[in-house]
Amino acid sequence: MSILFDFKIFQKEWEKIPKNNVPKVALLYPVLNIGASADMVAPHSLYYIQSTLKELDVLCDIYFWDINGTPEEADVYYVHPMFATIEKCCKSLGEIKDKAIICLGNSDQHQHEMCLGGLQGKKIAHYLLSRYPYINLIFSGKNHEYSISCMIQNIMLKRPLTFQLNEEHIFSLDSLPFMYLPQNYPQVVRIRSSVGCRAVCTYCIESSSNNTNSINWIGMEGKRFVDEIEHIVHVFNRRIFNITDSSFEDAESKGNMRLMTIVNDLIDRNIGISLKIHLRSETVKSLTDDEILKLKKAGIDIIVIGVESGVDTDLKEFKKISSADTAKDTINRLDKTGLFFTILGYLMFTPFTTLELLRQKINYLNDLNRCWDYMNMTNWLLVYYGSRMHDNLLKKKLVKCDEDPIAYVSYNFSDENVRKIAQTMNMIKKRVPEVMNMHKLFYDGYNVFSRLKDPLKQEFKVFFEKFFIIQRQIGKLYYDIMLKLIDISPQYIGEISIAEDMFLPVKEIYFTLKQDFQELISKDILFVDTWFSNVNVFGLEK
C-alpha cells in the first residue's frame with residue numbers, strides 16, 4: 001500500500017544523524033550520443049532528487065553519462081536509464097562495480113522512462129539483478145526521493161542495505177523542496193504538479209500499475225505548485241515550463257476545480273510565463289468559452305491532447321474514455337481560438353490496423369490539418385512489458401518474442417500490408433533526414449507562434465504567412481504519399497526507394513524554411529528548441 005511521508009519531518013530526524021560518513025552521490029543519465037536532442041535534457045526526476053539531497057546537505061550532482069565512457073567518481077551511483085539505454089547501461093556499469101554502490105531506478109512520467117515503474121517492476125528488477133549481480137539495489141514505484149534518502153541514511157549509519165524492491169513509500173509532493181536548477185539548465189523547465197494517472201489505457205505503463213494496492217494519482221496543492229513556478233522565475237530566471245503531468249486536471253471529480261484554481265492563481269499573480277500542459281479532450285469539452293480564455297491568460301500556450309486514434313475501434317482497444325468525434329471537436333475548438341499550439345498524441349500504426357482503418361486514420365488527421373506532423377503520420381504503438389496491451393497481444397498470439405522484459409515488446413501485424421507501410425514510413429526518417437528536421441522546424445515555429453503576444457505583427461507576419469503555406473504544402477504531400485502506398489498495396493513490397501523518391505521535394509522546402517526561421521529567431525524574440533527522443537528521430541526497428 002502506498003504510504004506518504006512528510007519530508008520536513010524526515011529532515012528533522014536527519015539532523016540528529018552524525019555527518020562523518022556522508023557519501024558523494026552521482027545521479028547518472030545514460031546517453032547514447034547518436035544525435036537526438038533528448039540526449040541533452042536529463043529526466044526531471046533527477047533534478048527533484050538532487051534538490052531533495054541538497055536540502056539534506058548531501059554532495060550530489062547530475063551527469064550526462066556517455067555509456068561508452070567512464071562516469072565521474074562517486075560513492076553512490078543512482079542511474080536513470082531509458083528503455084533505449086537500459087541494457088547497454090547495465091552492461092557498462094560492470095566497469096565500476098568495485099568502486100561504488102550502484103542503484104537503478106526510473107520513475108519519470110513518460111512511457112520510455114518507466115520500465116521499472118509499472119506493475120511488473122519487481123519482476124523486471126529481479127531479472128536485472130540476476131543478470132547483472134554488481135547492481136546493488138533497484139528502486140521501482142513512482143518517486144525515489146524517499147528511497148534514495150533512506151539508502152543514504154543507512155550508509156551513514158553503517159546499516160545493511162536491505163531496502164526492498166517495489167517500495168511504495170514516497171514523500172508527499174507538498175512537503176518536498178522546490179526544484180534546484182544548475183547554471184547550465186535549459187531555458188525550458190520540465191516540472192510536475194502531480195505523479196501518476198487515474199486512467200486505465202491498455203498501452204501505458206503508468207496506468208497498468210494502477211491497482212488497489214497503490215495510490216494511482218498524487219498531486220500537490222495548487223498554491224504550492226504556483227509558489228514553485230514563481231520561485232523558479234525569480235531565482236533562476238526561467239519562464240517557459242513544460243508541465244509533465246500525464247493529465248494536468250487529473251483529480252477525479254475535483255479535477256476541473258483544481259485546474260481552474262491553479263489557472264486563477266497564475267492570473268492573479270501575473271508572473272509572465274509560458275506553459276505547456278496535457279489535458280483530456282473531455283475536460284476541454286466541459287470548459288466554458290470564458291475558462292478557455294482564462295487558460296491563455298494564465299500563460300498556457302501549448303496543450304497536448306491524447307487523441308491516440310481517429311477510429312473508435314482503436315480507442316476501445318486502448319480503453320480510452322473519449323471518442324474520436326469528441327477529440328476532433330476538442331481540437332477544432334482549440335484551433336479556432338487561434339490561441340494555442342495544440343499537439344495531438346496519435347498512434348497511426350497498431351498491430352490491429354487494417355488498410356481501411358489506416359485510410360480512416362489518415363483522413364482524420366487530414367480533417368484536422370495535422371498531416372504535416374510526421375510523427376502523427378508514422379507513430380507505432382510501443383508495447384511495454386507487463387502492460388495490459390502486452391497481455392492483450394499475448395492472448396491474440398501477436399507477440400513475436402516474450403523473453404526480454406527490458407525491451408519493447410516485438411509484435412506481428414494482423415495485416416502484413418500495414419506493416420510494410422509502417423516500416424517504410426519509419427525508414428524515411430533515416431533515408432531522408434530532412435523530414436524530421438522539417439518536423440522540428442514546424443514544432444519550433446508553432447512554439448514561437450503560440451507564445452508570442454502578437455505573432456501577426458508586421459515583423460513576424462511575412463514569415464508566418466509563408467510558414468503556414470509550407471505547412472499545408474507538406475501536409476498534402478505526406479497525405480498523398482500515404483494514400484498512394486495504401487492504393488498500391490498489396491503489390492507494394494516495401495521497396496524503400498519507391499517511397500524515398502516521393503519525399504525528395506522535402507529537401508528543398510526544408511532548406512528554404514530553415515533559412516527564414518533562423519532569420520526570425522536571430523532577433524532574440526524567444527528561446528525555442530523542440531527536442532525529440534531517439535525513437536522520435538530515428539524510428540523504431542521492429
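As the structure is a prediction and not an experimental result, all values here were calculated from the model.

Caption draft 1: Region of the structure containing the pairing of strand β4 (residues 76-79). Here β4 shows a buried face lined by Val76 and Tyr78 and a second buried face lined by Tyr77 and Val79. Where strand β2 (residues 25-31) lies against β4, four bridges are found, and the strand directions are parallel. Within β4, the position partnered with Val25 by the bridge is Val76. Taken together, the four bridges between β4 and strand β5 (residues 101-105) define a ladder with parallel strand orientation. Residue pairing for β5: Val76 is matched across the bridge by Ile101.

Caption draft 2: Geometry of the sheet that holds strand β12 (residues 274-279). A sheet is described by the order of its strands in space; here five strands give the open sequence β8-β11-β12-β13-β14, paired in parallel fashion. In this open sheet, the two edge strands, each paired with only one partner strand, are β8 (188-191) and β14 (341-346). Neighbour-to-neighbour, the strand axes of this sheet turn through a mean angle of 20°, independent of strand direction. Examined bridge by bridge, β12 and strand β13 (residues 300-308) share five bridges and lie parallel to one another. Paired with Leu279 across the strands is Ile305, a residue of β13.

Caption draft 3: Summary view of the pattern of salt bridges. Scanning the entire structure with this criterion turns up 20 salt bridges. Of the charged contacts in the structure, one is a salt bridge between Glu13 and Lys16, with a shortest N-O distance of 3.3 Å. Three or more residues are tied together by salt bridges with common partners; here these are Lys223, Asp227, Glu230, Asp265 and Arg269.

Caption draft 4: The confidence of the model for the protein chain, seen in detail. Looking at the protein chain as a whole, the pLDDT averages 86, with 89% of positions reaching at least 70. Of all helices and strands in the protein chain, the one with the weakest mean pLDDT is helix α21 (residues 534-538) (49), whereas helix α13 (residues 355-367) scores best (97).

Caption draft 5: Focus on the sheet that holds β4. Strand order in the open sheet formed by five strands is β3-β2-β4-β5-β6, with parallel pairing between adjacent strands. Each edge of the open sheet carries a strand with a single partner, namely β3 (60-66) and β6 (137-139). Ignoring strand direction, the axes of neighbouring strands in this sheet form an average angle of 25°.

Caption draft 6: Layout of the side chain of Asn242. Position of Asn242 among the secondary structure elements: in strand β11 (residues 240-243). For Asn242, the residues in contact, after removing those within four places along its chain, are Val188, Val189, Arg190, Ile191, Lys276 and Arg451.

Caption draft 7: Spotlight on the packing of helix α17 (residues 434-451) against helix α18 (residues 458-487). Two elements in contact, α17 and α18, have axes whose closest approach is 11 Å; the angle formed by their N-to-C orientations is 140°. With respect to α18, the axis of α17 lies oblique. Every pair of crossing elements has a handedness; the one defined by α17 and α18 is left-handed. Contacts between α17 and α18 pair Val435, Met438, Leu441, Phe442, Gly445, Tyr446, Val448 and Phe449 from the former with Phe464, Phe467, Phe468, Ile470, Gln471, Ile474 and Tyr478 from the latter. When its residues are assigned to classes, the contact of α17 with α18 shows 13 nonpolar, two polar and no charged.

Caption draft 8: Just helix α15 (residues 388-395), in detail. Three or more residues of α15 are buried, namely Met389, His390, Asn392 and Leu393. Looking straight down α15, one finds its buried side chains confined to an arc of 160°; they lie on one side. Contacts from the buried residues of α15 go to α11 (312-318), β15 (399-401) and β16 (410-411). Where α15 terminates, the next one or two residues include Lys397, which has phi positive at roughly 55°.

Caption draft 9: Fine view of the pairing of β5. Buried residues dominate β5, accounting for five of its five residues. Neither face of β5 is left uncovered, since the one carrying Ile101, Cys103 and Gly105 and the one carrying Ile102 and Leu104 both have all their residues buried. Judged from the three bridges that link them, β5 and β6 form a sheet pairing that is parallel. When the sheet's bridge partners are listed, Leu104 is paired in β6 with Ile138.

Caption draft 10: Region of the structure containing the packing of helix α16 (residues 416-431) against α18. At their nearest, the axes of α16 and α18 sit 10 Å apart, and the two run at 145° to each other. Crossing of α16 against α18: the hand is right-handed. Counted together, Ile421, Thr424 and Met425 of α16 and Met482, Leu485 and Ile486 of α18 form the full contact between these two elements. Split by residue class, the contact of α16 with α18 holds five nonpolar, one polar and no charged.

Caption draft 11: Inspection of the packing of aromatic side chains at higher detail. This model, assessed by the stated rule, comprises 38 aromatic pairs. A centroid spacing of 5.8 Å and a plane angle of 40° characterise the contact between Phe10 and Trp14, whose relative ring orientation is tilted. You can see Phe10 and its partner Trp14 sitting in helix α1 (residues 7-14), four residues apart, about one turn around the helix. A residue is classified by how much of its surface remains accessible, and Phe10, at 11% relative accessible area, is buried. Summarising the aromatic geometry, the rings of Trp372 and Phe442 are spaced 5.5 Å apart at their centres and angled 75° between planes, so their arrangement reads as edge-to-face.

Caption draft 12: Representation of the state of the cysteines in the model. Applying the stated criterion across every chain, the model contains zero disulfides. We note that Cys90 lacks a disulfide partner, and the nearest cysteine sulfur, in Cys89, lies 5.0 Å from it.

Here is what the cut-offs are and how they apply
Within any chain, residue numbers begin from 1 and follow the written order of that chain's sequence. In keeping with the model being predicted, local features are shown solely for residues with a pLDDT of at least 70 and side-chain atom pairs are shown and tallied solely at 80 or more, while totals for entire chains, interfaces and linings include all residues. Heavy atoms from the whole structure form the basis of all side-chain values; hydrogens and water molecules are not counted. Accessibility here uses a 1.4 Å probe with only protein chains present; expressed as a share of the type maximum, an area under 20% marks a residue as buried, one over 50% as exposed, and anything in between as partly exposed. Under the scheme used here, helices are H or I runs from DSSP no shorter than 4 residues and strands are E runs no shorter than 2 residues, and both carry numbers assigned from the N terminus. If DSSP finds at least two bridges between two strands, the strands pair. Only the contacting stretch of a helix is used when fitting its axis, a line to C-alpha atoms as for every element, and angles between N-to-C directions run 0 to 180 degrees. We count a salt bridge whenever a side-chain nitrogen from Lys or Arg sits within 4 Å of a carboxyl oxygen from Asp or Glu. pLDDT runs from 0 to 100 and stands for how confident the predictor is about each residue. Contacts are assigned to residue pairs that have any heavy atoms within 4.5 Å of one another. Orientation categories follow fixed angle ranges, with anything under 35 degrees roughly parallel, anything over 145 roughly antiparallel, 65 to 115 roughly perpendicular, and all other angles oblique. A crossing counts as left-handed when the near helix is turned anticlockwise from the far one by less than a right angle, and as right-handed when that turn is clockwise. We call Asp, Glu, Lys and Arg charged. Ala, Val, Leu, Ile, Met, Phe, Trp, Tyr, Cys and Pro are nonpolar, and the rest, Gly among them, are polar. To obtain the arc, one takes the directions from the helix axis to the C-beta atoms. Working definition: a ring pair exists when centres of Phe, Tyr or Trp rings (six-membered ring for Trp) sit within 6.5 Å. Plane angles under 30 degrees give stacked, over 60 give edge-to-face, the rest tilted. What counts as a disulfide here is a pair of cysteine sulfur atoms lying within 2.5 Å.

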